[in-house]
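# Observations on chain architecture
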Amino acid sequence: MPYSEAGKTKFQIDLRRHLRNQNIEDNLVHLICEIAEASKYVINAVRTGDLGVAGTSNLYGEEQLALDVLSDRIIRKRLIHSGVVCNIASEEMDEIFQAQANAAGLYSVAYDPLDGSSLVDVNLAVGTIVSIYVGCDLLQEGRNQVAAMYILYGPRVSLVYSVGNGVHEFTMNHLMEFTLTRENVQMKPAGDIYSPGGLRNKYSEGVEKYVRYLEAKGSKLRYSGGFVPDINQVLMKGKGLFMYPALNGSPNGKLRLLFELNPMAYLVENAGGSATNGKQRILDLKPESLDQRAPIFIGCAEDVAKAMEYVNGG
Ligand code: AFP
């Protein structure tokens, strides 16, 4: 049955209205809507902005693109002026930024302003990833998130969020409004696509065997190099998994716990899937630093469980 509220159907339910039905604090509704508004300026930057380097580097020592810095500035400014944010951590900033001191009624936000930015110059999809906690502590386990969301800048612009009560997709219309397009997204127990990050010749024997198992059962490889579109495909099709495993020489893989793994793990678990580092649930990992990385296997619960069997020599 299509969503209906006072006779309204899907496509007519805007983001703010949907959030108000989630029984969450008004400040959290406001914060998520502010991030959605900021994404409209990021879209403009992605579509028309400078594709060159910024001449600076991020906390991982990676060279920043002008788009990384501009997107980060757009979102951070919006968070600061929202009036409901205590601390801010960005993949593009070296340290936590304090927007307000007292924690009462405030939230803290960890975000990757433009994940996959190096793909813009070849016109592939990129995204903004956001993780939201109550109070001022950003080094909490991911299970303490109160909301997570991403905005995917692809052929269409979509926004996916959860506040712990289902996962919901909104798509930007011709008026640049986000309207409901999928509600209560659910993942199947298993699927037939896989998204393998990293260099295969650096996989462990267990991961290599797992890939061969997937190929033998007819799973199709789907990998763009952009975490947001690759996860979105697994989540919205409700099948398969994404992995960026530990690699020989990189025991923690590549992806960042605070800015990429925790928000996506929160969303996928709220859609009935699961996410682990090969041994532990991603959302149970205690972050020790802003720049912490972790291996990840995320998607359908049975596919992730099978990956763990292979990774642990089962
Ligand atoms: P950039 O943000 O540096 O472009 O990296 C994108 C990313 O962090 C993530 O979006 C991808 O899943 C992953 O890197 C791809 O990494 P590989 O290029 O090593 O496969």
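What you are looking at is a predicted structure, and each value in this text was computed from that prediction instead of being measured.

Definitions and limits used
Residues numbered from 1 in each chain as written. Predicted model: local features only at pLDDT ≥ 70, side-chain atom pairs only at ≥ 80, totals over all residues. Heavy atoms only, no water. Pairing = 2+ DSSP bridges. Helix = DSSP H or I, 4+ residues; strand = E, 2+ residues; numbered from the N terminus. Contact = heavy atoms within 4.5 Å. Axes fitted to C-alpha atoms, helices over the stretch in contact; angles between N-to-C directions. Parallel < 35°, antiparallel > 145°, perpendicular 65-115°, else oblique. Left-handed = near helix turned anticlockwise from the far one by under 90°. Nonpolar A, V, L, I, M, F, W, Y, C, P; charged D, E, K, R; others polar. Core = buried A, V, L, I, M, F, W, Y, C linked by side-chain atoms within 4.5 Å. Buried < 20%, exposed > 50% of the residue type's maximum accessible area, 1.4 Å probe, protein only. Domains from an automatic or database assignment. Salt bridge = Lys/Arg side-chain N within 4 Å of Asp/Glu carboxyl O. Polar contact = N/O pair within 3.5 Å; in protein donor to acceptor, adjacent residues only side chain to side chain. Expected span 1.5 Å × (residues − 1).

### A few points about the sheet that holds strand β15 (residues 296-299)
Pairing within the open sheet is mixed, and its five strands lie in the order β12-β11-β13-β15-β14. Since the sheet does not close on itself, it has two edges, and those belong to β12 (220-221) and β14 (274-276), each with one partner. Helix α5 (residues 227-237) rests against β11 (193-196), β13 (241-244) and β15 of the sheet, and its axis sits at about 150° to β13. Packed on one face of the sheet, helix α7 (residues 301-311) meets β13, β14 and β15 and runs near 155° to β15.

### Points about the packing of helix α2 (residues 26-48) against helix α3 (residues 66-82)
The geometry of α2 relative to α3 is characterised by a closest axis approach of 9 Å and an angle of 155° between their N-to-C directions. As the angle between them shows, α2 and α3 are arranged roughly antiparallel. α3 is crossed by α2, and the crossing has right-handed handedness. For the pair α2 and α3, contact is made by His30, Leu31, Glu34, Ile35, Glu37, Ala38, Tyr41, Val42, Ala45 and Val46 and by Leu67, Leu70, Ser71, Ile74, Ile75, Arg78, Leu79 and Ser82, respectively. Taken together, the residues that form the contact of α2 with α3 break down as 12 nonpolar, three polar and three charged.

### Points about the nonpolar core
Among the nonpolar cores identified, the biggest contains 47 residues, and Tyr150, Leu235 and Met264 are the most heavily contacted of them. Mapped by element, the contributors of at least two residues to this core are β7 (147-153), β11, α4 (205-216), α5, β13, α6 (257-270), β15 and α7. Here this core gets seven residues from one element, more than from any other, and that element is α6. Mapping this core onto the domain boundaries places at least three of its residues in each of domain 1 (15-182) and domain 2 (193-311). Here Tyr150 is in contact with Thr128, Ile129, Ser158, Leu159, Val160, Val228, Asn232, Leu235, Met236, Met264 and Leu267, once residues within four sequence places are set aside.

### Considering the domain arrangement of the chain
Domain boundaries in the chain define domain 1 (15-182) and domain 2 (193-311). Across the boundary between the two partners, domain 1 contributes 45 residues, which contact 31 residues of domain 2. Where domain 1 meets domain 2, there are four salt bridges. Notably, a salt bridge pairs Arg256 with Glu91, separated by 3.9 Å at the nearest N-O pair. At the boundary of domain 1 with domain 2, the tally comes to nine residue pairs in polar contact (both at pLDDT 80 or more). Elements represented by at least two residues in the side of domain 1 that touches domain 2 include exactly β3 (85-90), β5 (107-115), β6 (126-134), β7 and β8 (157-162). Top contributing element to the side of domain 1 that touches domain 2 by residue count: β7, with six residues.

### Considerations on the pattern of salt bridges
Using the criterion set out here, one finds 20 salt bridges in the structure. In this structure, Asp284 engages Arg143 in a salt bridge whose closest nitrogen and oxygen atoms are separated by 2.9 Å. In this pair, Asp284 sits in the loop between β14 and β15 while Arg143 sits in the loop between β6 and β7, placing the two residues 141 residues apart along the sequence. Judged by its relative accessible area of 28%, Asp284 falls in the partly exposed class. One network of salt bridges, in which partners are shared, links Glu62, Glu91, Arg256, Glu260 and Arg293.

### A look at the environment of Met187
Within the fold, Met187 resides in the loop between β10 (178-182) and β11. Taking the C-alpha atoms as reference points, Met187 and Leu139, separated by 48 residues in sequence, lie 28 Å from one another.

### Here we look at α3
Structurally, the α-helix is built with 3.6 residues per turn, so residues lying three or four positions apart point the same way. Taking 1.5 Å of rise per residue, 17 residues should cover 24 Å, and α3 covers 24 Å from first to last C-alpha, within 8% of that figure. When α3 is considered as a whole, its buried residues turn out to be Ala66, Leu67, Asp68, Ser71, Asp72, Ile74, Ile75, Leu79 and Ser82. For α3, the secondary structure elements touched by its buried residues are α2, β1 (53-57), β2 (63-65), β3, β5 and β6.

### Examining the packing of α4 against α7
Direction vectors running N to C along α4 and α7 enclose 135°, while the axes themselves pass 7 Å from each other. As summarised for this structure, α4 and α7 are arranged oblique, according to the angle between their axes. Judged by the sense of rotation from one axis to the other, the crossing of α4 with α7 is right-handed. Between α4 and α7, the contacting residues are Gly206, Val207, Lys209, Tyr210 and Tyr213 on the first element and Asp303, Lys306, Ala307, Tyr310 and Val311 on the second. Across the contact of α4 with α7, the residue classes break down as six nonpolar, one polar and three charged.

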